[in-house]
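Reading the structure
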Amino acid sequence: MKDTALVVVDMLYDFIDGSMACQNAAPAIEASLKFIDKMTSAPEESPDVIRSRFPILFVRDFHPADHCSFTQQGGPWPPHCVQGTHGADIHEALAPYASEELSFYKGYQQDKEQYSGFEGINEAGQSLYDVLDILDVKNVYVCGIATEFCVRNTAEDLKKAGFTVYVLKDALAWVDYAGHLEALSAMQKEGIRLV
Ligand code: VGL
Ligand code: ZN
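Residues numbered from 1 in each chain as written. Chains lettered and ligands numbered in written order. Predicted model: local features only at pLDDT ≥ 70, side-chain atom pairs only at ≥ 80, totals over all residues. Heavy atoms only, no water.

Take the overall build of the protein chain next. Counting secondary structure elements, the protein chain contains six helices and six strands. When the helices and strands of the protein chain are listed from N to C terminus, the series reads β-α-α-α-β-β-α-β-α-β-α-β. The C-alpha radius of gyration computed for the protein chain amounts to 16 Å, which stays within 12% of the reference 16 Å derived for 195 residues, consistent with globular compactness. Along the longest, intermediate and shortest principal axes, the C-alpha atoms of the protein chain span 55 × 35 × 30 Å. Across the 195 residues that make up the protein chain, the buried fraction comes to 50%. Residue pairs at least 24 apart in sequence account for 72% of intrachain contacts in the protein chain once pairs closer than 6 positions are excluded. In the form shown here, the protein chain has an accessible surface area of approximately 9,000 Å², with 50% of it arising from carbon and sulfur atoms. Of note, the protein chain has its 15 positive side-chain charges centred 9 Å away from the centre of its 29 negative side-chain charges. (Helix = DSSP H or I, 4+ residues; strand = E, 2+ residues; numbered from the N terminus. Rg over C-alpha atoms; globule rule 2.2 N^0.38 Å. Buried < 20%, exposed > 50% of the residue type's maximum accessible area, 1.4 Å probe, protein only. Contact = heavy atoms within 4.5 Å. Areas by Shrake-Rupley, 256 points an atom, 1.4 Å probe, with all protein chains shown as cover. Lys, Arg positive; Asp, Glu negative; His and termini not counted. Charge placed at Lys NZ, Arg CZ, Asp CG, Glu CD.)

Our next topic: the coordination of the zinc ion (ligand 2). In this structure, Asp61 (OD), His63 (NE2) and His80 (NE2) serve as the protein donors to the zinc ion (ligand 2), at separations of 2.0 to 2.2 Å. Note that the zinc ion (ligand 2) binds four donor atoms; their angles at the metal cover 86 to 168°, and the shape is irregular. Under the relative-accessibility criterion, His63 is labelled buried at 0%. (Donors = N, O, S within 2.8 Å, 3.2 Å for Na, K, Ca; no water. Tetrahedral: all angles 85-135°; square planar, octahedral: opposite > 155°, others 65-115°.)

Here we take up the pattern of salt bridges. Under the criterion given, the structure shown has six salt bridges. Of the charged contacts in the structure, one is a salt bridge between Asp10 and Lys106, with a shortest N-O distance of 2.9 Å. Of this pair, Asp10 sits in the loop between strand E1 (4-9) and helix H1 (13-16) while Lys106 sits in strand E3 (residues 103-106), and the two are 96 residues apart along the sequence. Residue classification places Asp10 among the buried residues on the basis of a relative accessible area of 0%. Since its relative accessible area comes to 0%, Lys106 is described here as buried. Residues Lys106 and Asp61 are paired through a salt bridge, measuring 2.7 Å at the closest nitrogen-oxygen approach. Remark: Asp61 occurs in strand E2 (residues 56-61) and Lys106 occurs in strand E3; sequence separation between them is 45 residues. Here the two residues Lys106 and Asp61 agree in accessibility, since each one is buried. Salt bridges here are not isolated pairs; linked through shared partners, they connect Asp10, Asp61 and Lys106. (Salt bridge = Lys/Arg side-chain N within 4 Å of Asp/Glu carboxyl O.)

Okay, the pairing of E1 next. Counting buried residues in E1 gives six out of six residues, a clear majority hidden from the surface. Every second residue of E1 is oriented toward a common face, with Thr4, Leu6 and Val8 on one face and Ala5, Val7 and Val9 on the other, all of them buried. One ladder, built from four bridges, connects E1 with E2; its direction is parallel. The partner of Val7 across the bridge, within E2, is Leu57. (Pairing = 2+ DSSP bridges.)

Ranked by size, the top nonpolar core spans 31 residues in total, and within it Leu6, Val8, Leu94 and Ile145 carry the most contacts. Residue assignment for this core shows that the elements contributing at least two residues are E1, H1, helix H2 (25-40), E2, strand E4 (139-145) and strand E5 (164-173). Looking at this core, the element that brings in the most residues is H2, giving seven residues. Beyond its immediate chain neighbours, meaning those up to four positions away, Leu6 contacts Phe35, Ile36, Phe54, Pro55, Ile56, Leu57, Tyr141, Val142, Cys143 and Leu168. Core analysis: the next-biggest nonpolar cluster, separate from the first, contains 25 residues, Leu57, Leu132, Val137 and Ala155 among them. (Core = buried A, V, L, I, M, F, W, Y, C linked by side-chain atoms within 4.5 Å.)

In this section: the site of ligand 1. Near ligand 1 you find Asp10, Phe15, Met20, Asp61, Trp77, His80, Tyr115, Ile145, Ala146, Phe149 and Cys150, and these make up its full shell. The backbone of Cys150 places a nitrogen or oxygen atom 3.0 Å from an oxygen atom of ligand 1. The site holding ligand 1 turns out to be the largest cavity. Grouping the constituent residues of the shell around ligand 1 by class yields eight nonpolar, one polar and two charged. (Near = heavy atom within 4 Å. Polar contact = N/O pair within 3.5 Å; in protein donor to acceptor, adjacent residues only side chain to side chain. 1 Å grid on protein atoms, 1.4 Å probe; cavity = no way out; pocket = protein on both sides within 12 Å on 5 of 7 lines; lining within 4 Å. Sits in = over half its atoms within 2 Å of the grid points. Nonpolar A, V, L, I, M, F, W, Y, C, P; charged D, E, K, R; others polar.)

Structure follows, in C-alpha cells:
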C-alpha cells in the first residue's frame, strides 16, 4: 500500500517488563508483528521493495538519568527508558524492523517532558513529521505503549497535521485500563480511526 506508514510508539523494555511494565504489552507486540506481516507480505515482490513502500517508524522515550518526569525530581514516573540502558531498547521481536534513520527520540532534554513522538528526532536531526513528509506518507497506522500517554499524544498530533490516522486497538498497552478506554473514545471523537 502506497503512502502508508506504521508508527510504533515506545515498545521499549521498561514499558514491557521493566520499571513501567504496562498491561497487555505481550499481546500488543504480537498484534504489531501480525500487522507488519500482513502489510509486508506480497509474494511477488522482494522484502526490501515491500519494506521501502511501507516504512516503519519507531518512537523512543530516551531520558537522561535525572529526567524531570522521574519521582526523585518531583515527576510522576519511576525512572524509565534511561539512555544507554536495556530498558530503553526496542523489544527484540520488533528491533529487526528498526533503523536509525527511522528511529525518533523524545524526552531527551532533562527539563522537558515529551509524550508525543511527533517532534521526536532521528540521529540526523529530522523530526518524525519531517520524515513522513519527505516520504509522502498520507496514512499513518499507530501502535504501541502507553495508550493514554504517548500513543494518544502522537496520534493526535498526526491527526492535527492532516494525516489520516489509524490506531491499531489490539496493538496497544496501557498504564490503567479505564484510562485506556477513555483515551480510545477521545481519539475516536477526534476522527482518529480505531481498527
Ligand atoms: C510514556 C509515561 C512516561 C509513554 C512515556 O510512552 O506513554 N508514559 N513516559
Ligand atoms: Zn518517559
